[in-house]
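Commentary on secondary and tertiary structure
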Amino acid sequence: MKSLFKSKPKTPADLVRQTRDLLIFIDSGGSDTKESKRDEKVSKLIRDLKQVLYGDSQSEPVSEACAQLTQEFFRENTLRLLIICLPRLNLETRKDATQVVANLQRQQVQSRLIACDYLEKNIDLMDIMIAGYENTDLALHYGAMLRECIRHQSVARYVLESEHMRKFFDYIRLPNFDIASDAAATFKELLTRHKSTVAEFLSKNYDWFFAEYNSKLLESTNYITRRQAVKLLGDILLDRSNSAAMTRYVSSLDNLRILMNLLRESSKSIQIEAFHVFKLFAANQNKPADIVGILVTNRSKLLRLFADFKTEKEDEQFEADKALVVKEIAALEPK
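Not measured: the values here are computed from a predicted model. (Residues numbered from 1 in each chain as written. Predicted model: local features only at pLDDT ≥ 70, side-chain atom pairs only at ≥ 80, totals over all residues. Heavy atoms only, no water.)

Remarks on the overall build of the protein
Within the protein one finds 19 helices and 0 strands. Rg of the C-alpha trace for the protein: 26 Å, well past the compact-globule value of 20 Å for 335 residues, more than 25% over. Each principal axis of the C-alpha distribution contributes one length, and for the protein these read about 95 × 35 × 35 Å. Relative to its 335 residues, the protein shows a buried fraction of 48%. Pairs at least 24 apart in sequence give 70% of the contacts found in the protein among residues at least 6 apart. Surface accessibility of the protein: about 17500 Å² in total, with carbon and sulfur atoms responsible for 50%. (Helix = DSSP H or I, 4+ residues; strand = E, 2+ residues; numbered from the N terminus. Rg over C-alpha atoms; globule rule 2.2 N^0.38 Å. Buried < 20%, exposed > 50% of the residue type's maximum accessible area, 1.4 Å probe, protein only. Contact = heavy atoms within 4.5 Å. Areas by Shrake-Rupley, 256 points an atom, 1.4 Å probe, with all protein chains shown as cover.)

As structure tokens, this is what we get:
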């Protein structure tokens, strides 16, 4: 007889609605004698949401179920509730919630990324996630969510244009290695994913941005910070979209001095990454007189350095670039 009264399986929309009801209760600060049961129930519901979106070892996700779940999630404020209630969830549930939020950013409903529309109207959620870097327990969860949310160009533009961009220079230098690395990954994503938006940001914010970049990252006392920063600098300046920022950067004597110091580092990987930026100074056909002067003054040292300069693996492009740099420096005449 028991089998006749089995409860109907929950639809994706039911799962979201039940999750939302419990999160509303948690957000209200409610607690009662059934609190541990309630936590258990939230954990199970979020795990079930994750299973709908990702599938499991037995089955792939069903696109219709994913669309239903996504529609219900953004119909009311379930995303907001999940983000603001994250500190009240246990560690495993936080991990599942992070994966749910990340996946929802890519789900299409009738060919639209409705997560983008929702975030544009609830852009303050980005402030909560970015501030998460200041909380050791939440930083990696909010950081992973954040990187998925900035896949949307309008959301990335909000972060780039906000005061939060200045905070990243501090987050990247946090003493906690995992959090600093996560912040560096988000920073890189912000500065490389949406090319037109990044080019616009760099042209509007060139002075303060590169002043901070040089002093806090390239001249950091931390080896990892310097290595990541010089690699990202090369990625930014070598991107054609950023040619205006690159032209300004390679016309600065202070910038050249920093790069020449990085070329002298004992770390081979920093030297190689610094070379990829230094070659832009050498290749600039409109070098200012002070830059020509420094290159001429240091010509013999630079040519000696490049004579023994090799990558670990054979790299034809690197060798061609090096030959060009050597030729440019050897041919320089003081202005």
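A short note on the environment of arginine 151
You can see arginine 151 is positioned in the loop between α8 (139-149) and α9 (153-161). Taking the relative accessible area as the measure of exposure, arginine 151 reaches 30% and is therefore partly exposed. Beyond its immediate stretch of four places on either side in the chain, arginine 151 contacts Arg106, Arg193 and His194.

A few points about the packing of aromatic side chains
Using the criterion set out here, one finds 27 aromatic pairs in the structure. Aromatic pair phenylalanine 187 and phenylalanine 209: ring centres 6.2 Å apart, planes at 25 degrees, arrangement stacked. One end of the pair, phenylalanine 187, is in helix α11 (residues 177-192); the other, phenylalanine 209, is in helix α12 (residues 195-218), and 22 residues separate them in sequence. On the basis of an interplanar angle of 85 degrees and a centroid distance of 5.1 Å, the ring pair of phenylalanine 209 and phenylalanine 210 is categorised as edge-to-face. Taking NZ or CZ as reference, arginine 38 lies 4.0 Å from the ring centre of phenylalanine 25, over its face. When the ring centre of tryptophan 208 is taken as origin, the NZ or CZ atom of arginine 166, which lies over that ring, is 4.1 Å away. (Phe/Tyr/Trp six-rings, centres within 6.5 Å; stacked < 30°, edge-to-face > 60°. Lys NZ or Arg CZ within 6 Å of the ring centre and 35° of its normal.)

Let's talk about the pattern of salt bridges
On inspection of all chains with the given rule, the structure shows 28 salt bridges. Between arginine 106 and glutamate 148 there is a salt bridge, with its nearest N and O atoms 2.9 Å apart. Here arginine 106 is found in the loop between α5 (91-104) and α6 (114-121), whereas its partner glutamate 148 is found in helix α8, with 42 residues between them in sequence. Among the ionic contacts, a cluster of salt bridges with common partners joins Asp14, Arg17, Arg20, Glu72, Arg75 and Glu76. (Salt bridge = Lys/Arg side-chain N within 4 Å of Asp/Glu carboxyl O.)

Quick look at α8
A large share of α8 lies buried, amounting to 8 of its 11 residues. All of the buried residues in α8 are Ala139, His141, Tyr142, Gly143, Met145, Leu146, Glu148 and Cys149.

Some words on helix α16 (residues 268-283)
Each α-helix winds once per 3.6 residues, and so residues spaced three or four apart point in a common direction. Its 16 residues give α16 an end-to-end C-alpha distance of 22 Å, which sits within 8% of 22 Å, the value for a rise of 1.5 Å per residue. A maximum bend of about 30 degrees is found in α16 at histidine 276. The element α16 is largely enclosed, with a buried count of 12 among its 16 residues. Those residues of α16 that sit buried are Ile270, Gln271, Ile272, Glu273, Ala274, Phe275, Val277, Phe278, Lys279, Leu280, Phe281 and Ala282. For α16, the elements touching its buried residues are α13 (223-237), α14 (243-249), α15 (253-263), α17 (289-297), α18 (299-307) and α19 (316-330). (Expected span 1.5 Å × (residues − 1). Bend = angle between axes of the 7 residues up to and from the residue.)

So, the side chain of aspartate 321
By the element assignment, aspartate 321 lies in helix α19. In this structure the side chain of aspartate 321 is engaged in a polar contact, spanning 2.8 Å, whose partner is the side chain of lysine 279. Once residues within four sequence positions are removed from consideration, aspartate 321 is found in contact with Phe275 and Lys279. (Polar contact = N/O pair within 3.5 Å; in protein donor to acceptor, adjacent residues only side chain to side chain.)

Quick look at the environment of methionine 126
Relative to the assigned elements, methionine 126 resides in helix α7 (residues 124-131). Since its relative accessible area comes to 0%, methionine 126 is described here as buried. Between the C-alpha atom of methionine 126 and that of arginine 38, which follows or precedes it by 88 residues, the distance is 28 Å. Ignoring anything within four residues of it in the chain, the contact list for methionine 126 reads Leu146, Cys149, Ile150, Val155, Tyr158 and Val159.

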